[in-house]
Amino acid sequence: MAVQELEIGTSWGKELWDQFDNLATHTQKGIDFFERFGNFIRDRSAIEVEYALKLRRLVKNYQPKKNKEDEENEFSTLIAFKNVLKEVADLAGQREVVAENLQNQVLQGITLLAKNLRDERKKSLNQGALLTQSLHTQIGTLERAKRSYEKAFREAEKALEGYQKADADFHLSRADVEKQRVNMNIRNSQSEDAKSEYANQLQITNKLQQQHYQTALPEVFNRLQELDEKRTRGMKEFIKRSADVEYEVSPIIARCLEGMVKAADSINEKDDSMIVIEKYQSGFQPPGDIPFEDLSKPDPDAANNSQTHNSSTGLNHMTGKGTTKDKLKKRVGIFGIFTGNKNNLSTDGLKEDFSDLPPTQRRKKLAAKVQELQQKVAQEQAASDGLMKMKGVYEANSMLGDPRTVEEQLNESVNRLDRLRIELQRYQKLLDQANSQTCNQHSPQANRVIQNGQRVSRHSNGSSNHENNHDDNGEDHPDDAGSLSSSASPESGLGTSHTSLPGSGQGSTNEQPLNDEYYDADQPLGTCRALYPFDATSEGSIPMSEGEELQVIEVDQGDGWTRVRRFSSKGWEEGFVPTSYIECTLYA
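Scope of this entry: the structure provided in the associated data block. Predicted, not measured: the structure shown is a model, and the values here were computed from it. (Residues numbered from 1 in each chain as written. Predicted model: local features only at pLDDT ≥ 70, side-chain atom pairs only at ≥ 80, totals over all residues. Heavy atoms only, no water.)

1. Things to note about the overall build of the protein chain
Okay, step 1: When you go through the protein chain residue by residue, the secondary structure sums to 14 helices and nine strands.
Okay, step 2: In the protein chain, which comprises 588 residues, the share counted as buried stands at 40%.
Okay, step 3: For the protein chain, contacts bridging at least 24 residues in sequence account for 70% of all contacts bridging at least 6. (Helix = DSSP H or I, 4+ residues; strand = E, 2+ residues; numbered from the N terminus. Buried < 20%, exposed > 50% of the residue type's maximum accessible area, 1.4 Å probe, protein only. Contact = heavy atoms within 4.5 Å.)

As structure tokens, this is what we get:
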């Protein structure tokens, strides 16, 4: 049953065939985390006798640090551990018998299981390294056989040319001509032997590579998966066992123990395995067989191909962390969003269209972006509807307020809504294009094909890397994200209004471009006071002094920055300041 479940879609050997280093790192982190849990039990046993104060201090020491880059918070084991810490904080004041039972029944089991897991992991990784080294060695043998064949082939051609010249030269004796003929036959024989050896080594290499990626290495990965699931199940069992120790102390802490059991039951090794797949799956397919190159056939482009023949094959193109070669760039700040370059980086250091990610990860990012924009559109639409109703009330009863003040805010809301819709359409189109692409994409080390007798490289989307990027019909394919960004982005001011406003000149059935001046007329949402001085070190930010009063133009969107405006000797200045440095008072 377990093997059948692995074949359905949770098998590391099938889904993560190219993630050897990432799986090794993941299993090491898992065992380290498991041992850290054992240290937690040990220290907790010592602190139990010191009652509530030391027990709460223990929980604080082992509280996982909040780090956006640490994605292990996705796993059910860490979530359960956090819940356990909350329950342990309520167990202060219990007797020393709890410490003794935890020491004897839980800590010893954790230590023993952690040692077994480390031994099993080391054995599996050593086997995987040997398999990989064996494949590298065979590929090296293939390269040497290929070079020998090339050398013998050239010598045979040279011997044939020498014999032809000798046979045509009437000044040479028959013995000299016969000597050239014998030399030609020897060289031809050596060339054929080298050719046979090259073909034999190619067949062996392809067979070994197929066995490596389809059988041998998946078995190692599946054993690592079983080891990781055993660790996860052990975490679950020891949390329950520590809860059982607490049940014997007092019925007063029964509710705390129930919470710990609930946290333990929330752990699911299959779900954690699926999270690992979702985290590291690239979407590429394993490399295909290496084609045979027959040098005896005439090749007009041989000179052009000589450089590409010397390029390494197979695993030489694989990276240490999977199939994505380039590391993701660090976040460069939020101020890059104001430029019009289609290659801008988003706040998390990725390109705006996520084109630098593998296919599977790119579709996930695009889907999340579409969902985020849909929520923003819904919120802005609700705000616009509210302002429209308020405007109607003011028009019906001028004693309640001036409709013109609401109209200006309504126009700004409509403009923001238009920009959000344009951006939503852009990302929806990118998502549709990503979904329409087939998943049968080869990994980078297999993106080499023979085309018209010439070896060329391929991009991840399967298009040949020629000087001009055309399809079969000779049509260009411009960057969709770039065209949208340049023609209908919020920065270009070409968004359209879909809500009719009396006297605004927008919102009719004929779409009209927005006025740039109107778009920049941001009304303050409130005021803020600087709690600390801030020196602007990045483009787009402005400095402020402690106690300075500023206008809030845009609230924090979740990136830790607030857009403000202030009046100085140079006139009005706008920019971003850290949200944690200010105290905001927004208008009702």
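2. Some thoughts on helix α8 (residues 254-265)
Okay, step 1: Given a rise of 1.5 Å per residue, twelve residues ought to cover 16 Å, and the 16 Å separating the end C-alpha atoms of α8 matches this to within 8%.
Okay, step 2: Restricting attention to buried positions, one finds in α8 the residues Cys-256, Leu-257, Gly-259, Met-260, Ala-263 and Ala-264. Within α8, the buried residues cover an arc of 155° as seen down the axis, which keeps them to one side. Every exposed residue of α8 that faces more than 90 degrees away from the buried side is listed here: Arg-255 and Lys-262.
Okay, step 3: On its buried face, α8 sits against α3 (20-48), α5 (76-89) and α7 (174-247). (Expected span 1.5 Å × (residues − 1). Arc of directions from axis to C-beta.)

3. Considerations on the pattern of salt bridges
Okay, step 1: Applying the stated rule across the entire model yields 21 salt bridges.
Okay, step 2: Note that Arg-42 and Asp-43 form a salt bridge whose closest N and O atoms lie 3.2 Å from each other.
Okay, step 3: For Asp-43, a relative accessible area of 22% puts it in the partly exposed group.
Okay, step 4: Where Lys-146 meets Glu-293, a salt bridge forms, and the shortest distance between an N and an O atom there is 3.6 Å. Taken together, the residues span a long stretch of sequence, with Lys-146 in helix α6 (residues 97-168) and Glu-293 in the loop between β1 (284-285) and α10 (302-309) at a distance of 147 residues.
Okay, step 5: According to the relative accessible area criterion, Lys-146 is buried, its value standing at 9%.
Okay, step 6: Glu-293 sits in the buried class, given a relative accessible area of 12%.
Okay, step 7: Taken together, the shared-partner salt bridges connect Glu-554, Arg-563, Arg-565 and Glu-574 into one network. (Salt bridge = Lys/Arg side-chain N within 4 Å of Asp/Glu carboxyl O.)

4. Some remarks on the nonpolar core
Okay, step 1: Counting residues in hydrophobic clusters, the biggest one holds 40 residues, and the most contacted among them are Phe-34, Phe-37, Phe-40, Ile-41, Phe-81, Met-235 and Ile-239.
Okay, step 2: Only α3, α4 (51-61), α5, α6, α7 and α8 provide two or more residues apiece to this core.
Okay, step 3: In terms of residue count, the dominant contributor to this core is α6 (eight residues).
Okay, step 4: Contact partners of Phe-40, with chain neighbours within four places excluded, come to Leu-58, Tyr-62, Phe-81, Leu-85 and Val-88. (Core = buried A, V, L, I, M, F, W, Y, C linked by side-chain atoms within 4.5 Å.)

5. As for the sheet that holds strand β9 (residues 582-586)
Okay, step 1: Strand order in the open sheet formed by five strands is β8-β7-β6-β5-β9, and the pairing between neighbours is antiparallel. What marks the edges here is a single partner per strand, and that holds for β8 (571-578) and β9. Within this sheet the neighbouring strands show an average axis-to-axis angle of 35°, counted without direction.
Okay, step 2: One ladder, built from three bridges, connects strand β6 (residues 549-554) with strand β7 (residues 561-568); its direction is antiparallel. Within β7, the position partnered with Val-552 by the bridge is Val-564. (Pairing = 2+ DSSP bridges. Axes fitted to C-alpha atoms, helices over the stretch in contact; angles between N-to-C directions.)

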